[in-house]
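This is what each chain is made of:
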Amino acid sequence: MFRKKAHCLARVIVSCALVNVAVIIIFYMWVLASQHPTLQQRDHHVIHHHAPNLGEQRNGSPNKSSPEVPKKPPGTFNASLVVKPQIINDQQPVLPPVPAFSKDDFVPPLNDAILKEYQKYSPREARETIVILTPIHNVAGTLQSTYLHLLQSINYPHRLISVAFGEDGSSDHTLPVAEEVAEELRKSFSSVDVFHFNLTGQIEGSWSVIHERENQYKRRQHLAQSRNLLLKAGLKNQDWVLWIDADVTYFPPDVIQQLLSAQKDVVTPACLFEDSGAKNLKRVYDKNTWRETSFSLDHLKRLSPQDLVLEGYADTQRLWLTDLRAEGKIVPIDGVGGCMLLVKGDCHRQGLIFPETVFQHHIETEGLAKLAKSMGYGVFGMPFVEVLH
């Protein structure tokens, strides 16, 4: 009898020990999962919106960056929660490999020698004509103080460059300021025009309100309409169209030569911003410039035709442009932003516009990239050419 009781007690003790071990293992796995989201978890973070039938009012949400900081948005990730890349002597000596997908929006500085090597281009005689198209809305404060000087700093022959501004229902003095800027630019550029588009329906308010997720379909649709009106009014017989946002803060003086050296139908540089909380650290600003991955393509297959996929609010399954540097100075991509974008004039003349409704799950600039590829045009990025926002 005693042996049977002892045997039963031993079995109970072993069972309890096994249960405790199992609980510890499950808890440990839960902790790991909470710190390192799986691909399946990332999949649920891809933002998309189901839009009603065409012609109805719709809301959606692509965004260039997170609405946490009004003027210099920190991007998808909270800086206090992200482990910043380890940088030795302020600059990485080699190019980091291309990841499976972009894990954060920090851009580690590269060795100056590497940057200079990948920014080289063969000198060529300047013959091709350019029209710079810039949509403007409530930018009176920066148009004259910053953007004018950026355009004047361009070292491509000004006689080959035309400039056209498209003003869209500003509530400040953008329109008269644009006229003053145009008068100054006419001293050296081939031609300068200012167009006023009396569009309605734009999202007004603070930066955070404008970039709220539920406002984004309407916002991006309005931007596409404004861009298309400017394209129709501003493009004449020029060889190339260079789209530049009026609120950029820096681009290299030879940016036109850099982009022309690619000789691609559609090409864009890397649009970044400087992190105010870290020395010499830049971050991805324009998260609409990306390449699809097997993960993102698999997700797209499961969407309804009118679902609008959005970047900039959560983890991504795609690759942002600067994460493709290991592939070289010119890389194929699938989405573009409007910070700066060079497009062959003939592509636009053949019908390449900014979709004002959902096209292959995208709209406006990203929609243009999808439309360009469907028309047989090449879409590329230059990850070593940097423009600051």
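Up top is the structure.
Note that the structure is a prediction, hence the values are computed from the model and not measured. (Residues numbered from 1 in each chain as written. Predicted model: local features only at pLDDT ≥ 70, side-chain atom pairs only at ≥ 80, totals over all residues. Heavy atoms only, no water.)

## Quick notes on the overall build of the chain
Basically, it comes down to this: We count a stretch as a helix when DSSP gives it H or I for four or more residues in a row; a strand needs E for two or more, and each element gets its number in order from the N terminus. Exposure classes here rest on a 1.4 Å probe applied to the protein chains alone. A residue is buried below 20% of its type maximum, exposed above 50%, and partly exposed in between. Any two residues having at least one pair of non-hydrogen atoms within 4.5 Å are treated as being in contact.
A tally of regular secondary structure across the chain gives 11 helices and 14 strands. A burial count over the chain gives 51% of its 389 residues as buried. If you take every contact in the chain between residues at least 6 apart in sequence, the share linking residues at least 24 apart comes to 80%.

## A short note on the side chain of His 389
Stated precisely, the cut-off is as follows: Each polar contact in these results corresponds to two N or O atoms within 3.5 Å; when the atoms are within protein, one needs to be able to donate a hydrogen and the other to accept it, and residues that are neighboring in sequence are counted only if both atoms are side-chain atoms.
For His 389, the location among the structural elements is in the segment after strand E14 (379–388). A polar side-chain atom of His 389 sits 3.0 Å from a polar atom in the side chain of Asp 247.

## Digging into empty space enclosed by the protein
Rules: Both site types are read off a 1 Å grid over the protein atoms alone. A 1.4 Å probe that fits but cannot get out defines a cavity, while an open set with protein on both sides within 12 Å along at least five of seven lines defines a pocket; lining residues have an atom within 4 Å of a point. Grid points are joined across faces, edges and corners, and a volume is the space filled by probe spheres set on the points. Classes in brief: Ala, Val, Leu, Ile, Met, Phe, Trp, Tyr, Cys and Pro nonpolar; Asp, Glu, Lys and Arg charged; the others, Gly included, polar.
Evaluation of the coordinates by the stated rule reveals 3 cavities of 30 Å³ or more. Surrounding the largest cavity, 13 residues form its lining, Pro 269, Ala 270, Cys 271, Asp 286 and Thr 289 being those nearest its centre. Here the element with the most residues in the lining of the largest cavity is strand E7 (residues 266–274); it accounts for 5 residues. Partitioned by chemical class, the residues of the lining of the largest cavity number 9 nonpolar, 3 polar and 1 charged.

## Details of the nonpolar core
Going by this rule: Nine residue types can take part in a nonpolar core, namely buried Ala, Val, Leu, Ile, Met, Phe, Trp, Tyr and Cys, and a core is a set of them joined through side-chain atoms within 4.5 Å.
Ranked by internal contacts, the top residues of the largest apolar core, which has 46 residues, are Ile 132, Leu 143, Leu 151 and Phe 165. Broken down by element, the residue count for this core peaks at 6 residues, all from helix H4 (residues 140–153). Discounting residues that sit within four places of it in the chain, Ile 132 has contacts with Tyr 147, Leu 151, Ile 154, Ile 161, Ser 162, Val 163, Ala 164, Leu 242 and Ile 244. Listed in part, the 37 residues of the second largest apolar core include Ala 270, Ala 372, Tyr 377 and Leu 388.

## Concerning the packing of aromatic side chains
The cut-off we apply is this: By convention, a stacked pair of Phe, Tyr or Trp rings (six-membered ring in the case of Trp) has centres within 6.5 Å and planes under 30 degrees apart, an edge-to-face pair has planes over 60 apart, and any other such pair is tilted. A positively charged side chain is recorded as over a ring if its NZ (Lys) or CZ (Arg) lies within 6 Å of the ring centre. The angle to the ring normal must also be within 35 degrees.
Here the structure, examined in full by the defined rule, presents 6 aromatic pairs. Between Phe 101 and Phe 295 the ring centres are 5.6 Å apart and the planes differ by 80°, which places this aromatic pair in the edge-to-face class. Here Phe 101, found in the loop between strand E1 (47–50) and strand E2 (106–107), pairs with Phe 295, found in helix H9 (residues 294–301); they are 194 residues apart in sequence, far enough to count as distant. Looking at Phe 101, the relative accessible area reads 8%, which means it is buried. With a centroid separation of 6.4 Å and an interplanar angle of 10°, the aromatic rings of Phe 195 and Phe 197 are classed as stacked. The ring of Trp 290 carries Arg 318 above its face, with NZ or CZ at 3.6 Å from the centroid.

## Considerations on the side chain of Arg 227
Mapped onto the elements, Arg 227 comes out in helix H7 (residues 216–234). With sequence-adjacent residues up to four places away left out, Arg 227 is seen in contact with Pro 135, Trp 243, Asp 245, Gly 338, Phe 354, Glu 364 and Thr 365.

## Points about helix H5 (residues 174–185)
We count it as follows: In a helix, the anticipated span is given by 1.5 Å times the number of residues less one. In this context, the arc is that of the directions from the helix axis out to the C-beta atoms.
The terminal C-alpha atoms of H5, which comprises 12 residues, lie 16 Å apart, in line with the 16 Å expected from a rise of 1.5 Å per residue. Within the span of H5, buried status applies to Thr 174, Val 177, Ala 178, Val 181, Ala 182 and Leu 185. All buried residues of H5 project into a common sector of 145° when viewed along the axis, lining one side.

## Looking at the pairing of E14
Which entries qualify depends on this criterion: Only when DSSP finds a minimum of two bridges between them are two strands counted as paired.
Most of E14 sits inside the fold, with 10 of its 10 residues counted as buried. Where E7 lies against E14, 7 bridges are found, and the strand directions are parallel. The partner of Thr 268 across the bridge, within E14, is Gly 381. Relative to E14, strand E12 (residues 331–332) runs antiparallel, the two being bridged by 2 bridges. Note that in E14 the partner of Pro 332 across the bridge is Phe 380.

## A word on unusual backbone geometry
For Asn 138, which is not glycine, the phi dihedral falls at a positive 55°. Locating Asn 138 in the fold gives a position in the loop between strand E3 (130–136) and H4. Residues other than glycine seldom take positive phi values, yet Gln 263 does so here, at roughly 50°. Examined against the element boundaries, Gln 263 turns out to sit in the loop between helix H8 (255–260) and E7. Look at Gln 263 and you get partly exposed, because its relative accessible area is 35%.

## Some remarks on the environment of His 149
Turning to its location among the elements, His 149 is positioned in helix H4. Through-space distance from the C-alpha of His 149 to that of Leu 185 is 9.6 Å; in sequence the pair is 36 residues apart.

## Things to note about the environment of Ser 153
Here Ser 153 lies in helix H4. Through-space distance from the C-alpha of Ser 153 to that of Pro 253 is 5.6 Å; in sequence the pair is 100 residues apart. The residues contacting Ser 153, other than those within four sequence positions of it, are Phe 251 and Pro 253. Reaching out from Ser 153, the side chain makes a polar contact with the backbone oxygen of Leu 150 at a distance of 2.6 Å.

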